[in-house]
Structure formats: structure tokens, C-alpha cells
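Structural overview for review
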Amino acid sequence: RIKVEILGDLEDPRIPASLRTSLEKLEQRTQESCCQQDPNGEPPQTLCLAINYGGRRDIVNAARKLAEQQQHSAENLFTEEGFSQMLGTKHVPDPDLI
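The present account deals with the structure reproduced in this document. Just so we're clear, the structure is a prediction, and the values are computed from it rather than from any experiment. (Residues numbered from 1 in each chain as written. Predicted model: local features only at pLDDT ≥ 70, side-chain atom pairs only at ≥ 80, totals over all residues. Heavy atoms only, no water.)

When helices and strands are tallied, the protein chain shows three helices and two strands. Helices and strands appear in the protein chain in the N-to-C order β-α-β-α-α. Taking 2.2 N^0.38 as the reference for a compact globule, 98 residues should give roughly 13 Å; the C-alpha atoms of the protein chain span a radius of gyration of 16 Å, well beyond that estimate. For the protein chain, the spread of C-alpha atoms along the principal axes amounts to about 45 × 40 × 25 Å. (Helix = DSSP H or I, 4+ residues; strand = E, 2+ residues; numbered from the N terminus. Rg over C-alpha atoms; globule rule 2.2 N^0.38 Å.)

A few words on the pattern of salt bridges. Oppositely charged side chains are able to pair whenever their charged atoms sit close together. Within this structure, the stated rule accounts for two salt bridges. A salt bridge links K3 to E5; the nearest nitrogen and oxygen atoms lie 3.5 Å apart. Relative accessible area serves as the criterion here: at 3%, E5 is assigned to the buried category. For the salt bridge of R14 with D12, the shortest nitrogen-to-oxygen distance reads 2.8 Å. (Salt bridge = Lys/Arg side-chain N within 4 Å of Asp/Glu carboxyl O. Buried < 20%, exposed > 50% of the residue type's maximum accessible area, 1.4 Å probe, protein only.)

The subject of this paragraph is helix α1 (residues 17–34). Compared with an ideal rise of 1.5 Å per residue, which puts 18 residues at 26 Å, α1 spans 26 Å between its outermost C-alpha atoms and is within 8% of the ideal. Within the sequence span of α1, burial applies to R20, L23, T30 and C34. Burial along α1 is one-sided: seen end-on, the buried residues are contained in an arc of 110°. More than 90 degrees from the buried face of α1, the exposed residues found are S18 and R29. Residues of α1 that are buried make contact with β1 (2–7) and β2 (45–50). (Expected span 1.5 Å × (residues − 1). Arc of directions from axis to C-beta. Contact = heavy atoms within 4.5 Å.)

In this section: unusual backbone geometry. Even without being glycine, N52 reaches a positive phi, approximately 60°. One can find N52 in the loop between β2 and α2 (55–70). N52 gets classed as partly exposed once you look at its relative accessible area, which sits at 21%.

Attention now moves to the pairing of β2. Bridge analysis of β1 against β2 gives six bridges, and the strand direction is parallel. Counterpart to K3 in the pairing with β2 is T46. This β-α-β element, β1 to α1 to β2, shows left-handed connectivity. (Pairing = 2+ DSSP bridges. Right-handed = clockwise from strand over helix to strand, strands pointing away.)

Attention shifts here to the environment of I6. One can find I6 in strand β1. Residue classification places I6 among the buried positions, given a relative accessible area of 10%.

What follows covers the side chain of E5. For E5, the position within the fold is in strand β1. A polar contact is formed between the side chain of E5 and the side chain of H91, at a distance of 2.8 Å. Discounting chain neighbours no more than four positions away, the residues touching E5 are E27, Q31, T46, L47, C48, L49, H91 and V92. (Polar contact = N/O pair within 3.5 Å; in protein donor to acceptor, adjacent residues only side chain to side chain.)

Here is the structure:
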């Protein structure tokens, strides 16, 4: 079982609508199939497709989101966990192999 995660900005006008639709359907189908119980109890593997993804852009967007949320919170949100939750990759498990 493989769960596909799409990383990046699919709303960019340079991405054809047909490709965006196909990628969203692929991601949804693999999400649904991974929710089913595996007979061997194995967790699904995750395949990340970086389409129009930029790590620097992701970091800048995360910092902006965190700064905006910090304005409305007395708690210090600028932690490793807080920053990690703002990244576009927050739902992606840490890699087993790079």
C-alpha cells in the first residue's frame, strides 16, 4: 500500500487544470485505500510528489503563518514543533531514506 502526498502549489496558473485534477484524484484514491486495514498490519508507505514545490517558499510561508498566529497568542509558538506544524510537509512522516 502506497499513500501519495502531493507537495507544492497546484493552484499556480502554470499547472494545467487537467494535471491538477489528476493529481488530486490520485492523492484522494490513495488516501482512501490506505485507510483500509492491512492484513499484515503494515503501515502504508508514503510517496511524496513535489510538484511546483520550493523548500525556501515553504519556509517563508511557514514563518509568515507562525508570526501571524503569534500575534494572537500569549504562548510562545516559535518552537521546532510549532514551526514544523506550519510547513506544507507537516503531514509527511520523516523520511526513512534520502
